[in-house]
6 protein chains.
Amino acid sequence: MSDPRIALCPGSFDPLTLGHEDVVRRALAFADRVVVAVSHSPTTAKQAMFTVEERVEMIREAFAGEPRVEAAAFQGLLVDFARRRGASLVVRGVRGGVDWEYESQMAVMNRRLLSTLETVILPGDPMHAHVSSTLVRQIAGLGGDVAPFLSPAVLRRVRTRAAT
Amino acid sequence: MSDPRIALCPGSFDPLTLGHEDVVRRALAFADRVVVAVSHSPTTAKQAMFTVEERVEMIREAFAGEPRVEAAAFQGLLVDFARRRGASLVVRGVRGGVDWEYESQMAVMNRRLLSTLETVILPGDPMHAHVSSTLVRQIAGLGGDVAPFLSPAVLRRVRTRAAT
Amino acid sequence: MSDPRIALCPGSFDPLTLGHEDVVRRALAFADRVVVAVSHSPTTAKQAMFTVEERVEMIREAFAGEPRVEAAAFQGLLVDFARRRGASLVVRGVRGGVDWEYESQMAVMNRRLLSTLETVILPGDPMHAHVSSTLVRQIAGLGGDVAPFLSPAVLRRVRTRAAT
Amino acid sequence: MSDPRIALCPGSFDPLTLGHEDVVRRALAFADRVVVAVSHSPTTAKQAMFTVEERVEMIREAFAGEPRVEAAAFQGLLVDFARRRGASLVVRGVRGGVDWEYESQMAVMNRRLLSTLETVILPGDPMHAHVSSTLVRQIAGLGGDVAPFLSPAVLRRVRTRAAT
Amino acid sequence: MSDPRIALCPGSFDPLTLGHEDVVRRALAFADRVVVAVSHSPTTAKQAMFTVEERVEMIREAFAGEPRVEAAAFQGLLVDFARRRGASLVVRGVRGGVDWEYESQMAVMNRRLLSTLETVILPGDPMHAHVSSTLVRQIAGLGGDVAPFLSPAVLRRVRTRAAT
Amino acid sequence: MSDPRIALCPGSFDPLTLGHEDVVRRALAFADRVVVAVSHSPTTAKQAMFTVEERVEMIREAFAGEPRVEAAAFQGLLVDFARRRGASLVVRGVRGGVDWEYESQMAVMNRRLLSTLETVILPGDPMHAHVSSTLVRQIAGLGGDVAPFLSPAVLRRVRTRAAT
């Protein structure tokens, strides 16, 4: 029996959007297990809406009904995290050509750092292709309604946070 | 025990390049079985270098040592072929932003036609990102050396064809 | 009282898709009158699904309830047609970066040919951004279901045509 | 008699360039009134060359002879400002494919937040497509000549500012 | 004394536009000699406006005053022509991102075929970035005025041809 | 005898990568002399890995065997530095479409500021197209192996720096 295929979905997920959730669910079509991997990025920590721990929690809530998805935080290089977790795949949703260019360069870079790590790119669902965590933070921060872009558990957290 | 994951690598493969072979091999990282699916495209048949049957044969030769890869020709819609073969994935290598845009639109279209069919995009290996079947046909037709772009079995066929 | 603002929506419309209809309706937000202008393109006439006259008719049917929209065929340069119709605007929907580049070059060219002719570009609705007349013709030709991409009157014509 | 069509030209305009002025003037081809809307963006305020109030003044000076153009500052969401002003259009000039991608995503986002708000994109005039406020600030800050990129009133202010 | 640096400006030049002329003149900034190389492309010959011989003549006329520019026709691979002429550079003007992607792939391909052949890309002058031979042929064929896009000698030939 | 052609390769080179070195070497195909010009960019100085002086030194080391290459730091506008050094060319390597768009806009801007300054763009070698100084700093900072992206002298400096 072969080893399970473990895919990483790395990102900052500040917060997790419906676009992210869509990518994670679609990754289950070709991975046995998906690890949603929240990166610590200290340089942007001060503008963050949620701590890394909160983001891990919100991912767990959002995928509570899906035993093949787990959430984890990581520091350092993605390739090192992949090695530690035995992951053979990185999955990234891409919304447009600018995203694509960045992701394809990262994919090549990561393969040079760890030759067994394959990056697969999922074209973003058109319903979510205009949504990003950054926009959600901006809109919420300016008092706008972000309900169309977030699942209920995440929305509740964002509203609580934006109100404080 | 779950069903095997079958991925289609569709294309015209006239001829199969090292870039194609790289994509097929990488698809084995997340698919149990890869069907290299040669499309009949009658409108371009007159400029073809090889018949669809010859292309299927050359793919079989190139992957003779890899039992998880098979070659097949198909006519009609890709989604219908995917249904017939029980495939849940389409895999496409992408070389640049223009390619990406086309493939991401096709991916959305195919999901609308068959909601269970997921398209995953593999960023082309940089060593092959400038190679296309069209360029290979042009270079071979003008007497150039296409050895760097083709595996031995394919090269032999192209040389024989170009010489006639 | 100022002259009415007349906008041209040029294209081949073979056939009119829901993406086209969306662009025409959105153009009414800033134009008093929209002329859906079907271009004769003799070089591609042989692959056409519908004659220019049929396309004009199907546009009239689709916009039968909207008195501010009319359909017309034109030959020759778009700028000459704009002059004859007193149009000051060209409206084009754009689906992606490749489209955008082409359209922005055409916009500059048309302004050099007729300095009063302004081109405005509407970002395609994400629900339609993967739909094109070419894809609809291909899918219909291969027996696929194009109902999600066409309004009822157009769909009826396409099904009749594809069946013959 | 129908309501006047009010278009917003949002931006930071730090400073207003000839490229911006061209877009505003072209918007008058399809809008009855254009509101040049200067956004407060507190995060970048520290690198600003001009205060928001100064930018509003310089826009008023530049369009002093055009009664259909007005200048205003806004805070918060663009869609809220559009609601308050009764604007039905957002107009954005676009210089290249990267710009286009960003603007088309914002256009979709804004329509989801306010379904009656249409974004129209004007391809940048080639004479101005390489000019941005950021570049003007950099060049002026390094002692370069920015006369080709600014109208006289703006240039006078930039020179005064750069000299201090 | 070192060998002169010879640059090729390859293309179909059907007809030579002001955009082409600009690229050739700019190439003289870094090449000792520029060979404007007209490719025979038999597949498109039937839609051609001018024969290859006529195109060579019109290039000679346009650069009659510039002894460092010559015109030549070539068949076969560009790299073979470069070898025969002792050229070390290929120069291509690029108008947009789609062009760029194509040219950068060709540049890599040509270096793989001839490692000493360097391709340099000149960003198109904004005044000409919307002009292409294809558009000139279309506009002239439809009776439009192509004077802004061509130098006098070329314009005279195009008018004579379009009138027949 | 004509003046030597001097080309500038401007950048921040923090650190010099194999991609940079490749561009500099290829520039020698059409320039008599290449000045690798390290820009002071005070706003990003705090995140810098190396001082400008250290970067100049590492460039000198890397090109110690190539008398036609020199390294220099500059402040202020590139066009002013070009004037002082008598340079007629700017050479930039470009990795993808996003880069290209930025560089082509800078090229037009620089020609407007100094009409004799030509920018030539070299398509990045595919082996290096995913490498950037920013990525190298990130990977080194996270303890990754950057040996594949740097020449030996640079690598030694980066390792020493990363260890402190």
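For the structure, check the block above.
First, a word on what this report is: a plain description of the structure on this page. Because the structure is predicted, anything quoted here is derived from the model rather than measured. (Residues numbered from 1 in each chain as written. Chains lettered and ligands numbered in written order. Predicted model: local features only at pLDDT ≥ 70, side-chain atom pairs only at ≥ 80, totals over all residues. Heavy atoms only, no water.)

## A look at the overall build of chain A
Put simply, the rule is: The helix and strand labels rest on DSSP assignments: H or I over at least four residues marks a helix, E over at least two residues marks a strand, and numbering proceeds from the N terminus. Think of it in three bands: with a 1.4 Å probe and only protein chains considered, a residue is buried below 20% of the maximum accessible area for its type, exposed above 50%, and partly exposed in between. We call two residues in contact whenever any of their non-hydrogen atoms come within 4.5 Å of each other. Here Asp and Glu are counted as negative and Lys and Arg as positive; His is not counted, and neither are the chain ends. Working definition for charges: the position is that of NZ of Lys, CZ of Arg, CG of Asp or CD of Glu.
Check the secondary structure of chain A and you find 6 helices and 5 strands. Reading the secondary structure of chain A in the N-to-C direction produces β-α-β-α-β-α-β-α-β-α-α. Referenced to the eigenvectors of the C-alpha coordinate spread, the extents of chain A come out at roughly 50 × 35 × 30 Å. A buried classification covers 58% of the 164 residues belonging to chain A. For chain A, the share of sequence-separated contacts (at least 6 apart) that also reach a separation of at least 24 residues comes to 75%. Of note, chain A has its 20 positive side-chain charges centred 2 Å away from the centre of its 18 negative side-chain charges.

## Observations concerning the pairing of strand β3 (residues 69-74) of chain A
Taken residue by residue, a regular strand's side chains alternate between the two faces of the sheet. Residues and elements named next belong to chain A. Using the following cut-off: One bridge is not enough; two strands pair if DSSP finds at least two bridges between them.
Extensive coverage of β3 is indicated by the burial of 5 of its 6 residues. Judged from the 6 bridges that link them, strand β2 (residues 33-39) and β3 form a sheet pairing that is parallel. Each bridged residue has a counterpart across the sheet, and for V35 the counterpart in β3 is E70.

## Some remarks on the side chain of E103 of chain A
Among the structural elements, E103 of chain A can be located in helix α4 (residues 97-113). Contacts of E103 of chain A, omitting those with residues within four sequence positions, involve R92, V94 and I121 of chain A.

## Quick word on the relation of the copies chain F and chain A
Stated formally: Least squares is used to superpose the copies, and the fit set is the C-alpha atoms of residues whose pLDDT is at least 70 in both copies.
Take chain F, turn it by 120°, move it 0.0 Å along the axis, and it overlays chain A with an RMSD of 0.0 Å. Classification of the inter-copy transformation places it as that of a three-fold axis. Proximity to the rotation axis, assessed at the C-alpha, singles out V98 of chain F in chain F; its C-alpha lies 3.8 Å from the axis. Different-surface contact between copies: only 6% of interface residues of chain F are shared with the interface of chain A.

## Considering empty space enclosed by the protein
Heads up, the condition is: For each structure, a 1 Å grid was placed over the protein atoms alone; sets of points admitting a 1.4 Å probe that cannot get out are labelled cavities, open sets with protein on both sides within 12 Å along at least five of seven lines are labelled pockets, and lining residues have an atom within 4 Å of a point. Grid points are joined across faces, edges and corners, and a volume is the space filled by probe spheres set on the points. As a working rule, the residues Ala, Val, Leu, Ile, Met, Phe, Trp, Tyr, Cys and Pro are called nonpolar, Asp, Glu, Lys and Arg charged, and the rest polar, with Gly in that last group.
Inspection of the entire model under this criterion finds 4 cavities of 30 Å³ or more. Approximately 820 Å³ is the volume attributed to the largest cavity. Forming the boundary of the largest cavity are 43 residues, of which E101 of chain A, G96 and G97 of chain B, E101 of chain E together with G97 of chain F lie nearest the centre. Secondary structure elements with two or more residues in the lining of the largest cavity: α4 of chain A, α4 (97-113) of chain B, α4 (97-113) of chain C, α4 (97-113) of chain D, α4 (97-113) of chain E together with α4 (97-113) of chain F. Class assignment of the residues belonging to the lining of the largest cavity gives a composition of 19 nonpolar, 16 polar and 8 charged.

## A closer look at the interface of chain F and chain A
As a reminder of what qualifies: A simple way to read buried area is as the amount of 1.4 Å-probe accessible surface that goes missing from two parts once joined, with both sides added. Basic side-chain nitrogens of Lys or Arg form a salt bridge, by our definition, when they fall within 4 Å of a carboxyl oxygen of Asp or Glu.
With 16 residues of chain F at the interface, the matching set in chain A holds 10 residues. Here chain F packs against chain A, burying approximately 1200 Å² in sum over the two surfaces, 70% of which is carbon and sulfur. Three residues stand out in chain F for area buried against chain A, namely V98, H130 and L142 of chain F, and they jointly supply 42% of the buried area on that side. The interface formed by chain F and chain A includes 0 salt bridges. Breaking the side of chain F that touches chain A down by element, the ones donating at least two residues are α4 and α5 (133-141) of chain F. With 3 residues, α4 of chain F is the single largest residue contributor to the side of chain F that touches chain A. Across the side of chain F that touches chain A, the residue classes tally to 9 nonpolar, 4 polar and 3 charged.

## Looking at the interface of chain A and chain B
In plain terms, the rule: Here a polar contact is taken to be a pair of N or O atoms separated by no more than 3.5 Å, where protein atoms must pair a possible hydrogen donor with a possible acceptor and residues adjacent in sequence count only if both atoms sit in side chains.
Contact residues are listed per partner, giving 27 residues for chain A and 27 residues for chain B. Between chain A and chain B lies a buried interface of about 2000 Å² when both sides are counted; carbon and sulfur atoms form 60% of it. Broken down residue by residue, the surface that chain A buries against chain B is led by R5, W100 and P123 of chain A, which jointly contribute 31%. Along the contact surface separating chain A from chain B lie 6 salt bridges. Its salt-bridge partner being R111 of chain B, residue D125 of chain A comes within 3.2 Å of it at the nearest N-O pair. Taken together, the connections running from chain A to chain B amount to 9 residue pairs in polar contact (both at pLDDT 80 or more). Among the elements of the structure, α1 (18-27), β4 (89-94), α4 and β5 (118-123) of chain A are those that each provide at least two residues to the side of chain A that touches chain B. In terms of residue class, the side of chain A that touches chain B is made up of 13 nonpolar, 5 polar and 9 charged.

## Some details on the pattern of salt bridges
Scanning the model with the defined rule gives 102 salt bridges over all chains in all. Across the salt bridge formed by R157 of chain C and E57 of chain C, the nearest N and O atoms sit 3.4 Å from each other. With R157 of chain C in helix α6 (residues 152-163) and E57 of chain C in helix α2 (residues 52-62), this residue pair connects regions lying 100 residues apart in the sequence. With relative accessibility at 41%, the residue E57 of chain C sits in the partly exposed group. Across the pair E103 of chain F and R92 of chain F runs a salt bridge whose closest N-O atoms are separated by 2.6 Å. Taken together, the positions of E103 of chain F in helix α4 and R92 of chain F in strand β4 (residues 89-94) put the pair 11 residues apart, joining distant regions of the chain.

## Here we look at the relation of the copies chain A and chain B
Mapping between the two chain copies consists of a rotation about an axis together with a translation along that axis. For the pair chain A and chain B, the relating rotation is 180°, the translation along its axis is 0.0 Å, and the fit reaches an RMSD of 0.0 Å. The transformation just described matches what one would write down for a two-fold rotation axis. The rotation axis passes nearest to the C-alpha of I121 of chain A in chain A, at a distance of 2.5 Å. Same-surface contact between copies: 100% of interface residues of chain A are shared with the interface of chain B.

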